[in-house]
Every structure is written in structure tokens, then in C-alpha cells.
Amino acid sequence: MKTKNQKPMTTQIRFTLALNATWSVLHDPVLTKMYSRHWKRYVSRATKEISPYERILTLYGYIFNLMYKEV
């Protein structure tokens, strides 16, 4: 149940929540396998679209970005 006087979420809290969610995903083999499939599709698309000097996200970075958007 939400209260009326909720404070807005700061970036530090969002970062912490996303970090904890990312580690939870990576510690669960089933979730890691599921997200790694999505990450492999991202990598195959990203290698075609980005310049050779840009870096591609790692699996951890990919999951963290997804979790940060959700928080």
C-alpha cells in the first residue's frame, strides 16, 4: 500500500536497487541463462550498428541497464 507522503527516489537508491537486482539475477542460473539469451541478441545487433571504436556492454552491464530502467 502506498502512502501519501512518499519521497521521490534518489539516484543513489535507484543505483543500489538496480545493483542488488543485477546480482540476484546473476546468482540464479535460470535467470542468468534467460538474460544471456537476450544479451546475445543485443551483441549480434550491436556489432552491426556501432562503430568499431565503441564498446559493447557486458552481460553484467546489460542486466544492470535493464534493472536501472525498471526501478
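Placed above this text is the structure.
Residues numbered from 1 in each chain as written. Predicted model: local features only at pLDDT ≥ 70, side-chain atom pairs only at ≥ 80, totals over all residues. Heavy atoms only, no water.

A. Representation of the packing of aromatic side chains. Using the criterion set out here, one finds 4 aromatic pairs in the structure. The interplanar angle of 25° and the centroid separation of 5.9 Å between the aromatic rings of Phe-64 and Tyr-68 together place this pair among those described as stacked. One end of the pair, Phe-64, and the other, Tyr-68, are both in helix 3 (residues 59–70), 4 residues apart, so they sit about a helical turn from each other. Chaining the aromatic ring pairs together yields one cluster made of Phe-15, Phe-64 and Tyr-68. Across the ring face of Tyr-68, the terminal group of Arg-14 is positioned such that the distance to the ring centre comes to 4.1 Å. (Phe/Tyr/Trp six-rings, centres within 6.5 Å; stacked < 30°, edge-to-face > 60°. Helix = DSSP H or I, 4+ residues; strand = E, 2+ residues; numbered from the N terminus. Lys NZ or Arg CZ within 6 Å of the ring centre and 35° of its normal.)

B. Examining helix 3 more closely. For helix 3, with 12 residues, the first-to-last C-alpha span of 17 Å sits near the 16 Å given by 1.5 Å per residue. What helix 3 keeps buried is the set Leu-59, Gly-61, Tyr-62, Ile-63, Phe-64 and Met-67. Against helix 1 (11–27) and helix 2 (29–49) lie the buried residues of helix 3. (Expected span 1.5 Å × (residues − 1). Buried < 20%, exposed > 50% of the residue type's maximum accessible area, 1.4 Å probe, protein only. Contact = heavy atoms within 4.5 Å.)

C. The arrangement of the packing of helix 1 against helix 3 in detail. Put simply, helix 1 and helix 3 touch, their axes get as near as 8 Å, and they point 130° apart. As summarised for this structure, helix 1 and helix 3 are arranged oblique, according to the angle between their axes. Of the two possible hands of crossing, helix 1 and helix 3 adopt the one that is right-handed. Residues Thr-11, Arg-14, Phe-15, Ala-18, Leu-19, Ala-21, Thr-22, Trp-23, Val-25 and Leu-26 of helix 1 form the contact with helix 3, whose own contacting residues are Leu-59, Tyr-60, Ile-63, Phe-64, Met-67, Tyr-68 and Lys-69. Here the contact of helix 1 with helix 3 is built from residues that sort into 13 nonpolar, 2 polar and 2 charged. (Axes fitted to C-alpha atoms, helices over the stretch in contact; angles between N-to-C directions. Parallel < 35°, antiparallel > 145°, perpendicular 65-115°, else oblique. Left-handed = near helix turned anticlockwise from the far one by under 90°. Nonpolar A, V, L, I, M, F, W, Y, C, P; charged D, E, K, R; others polar.)

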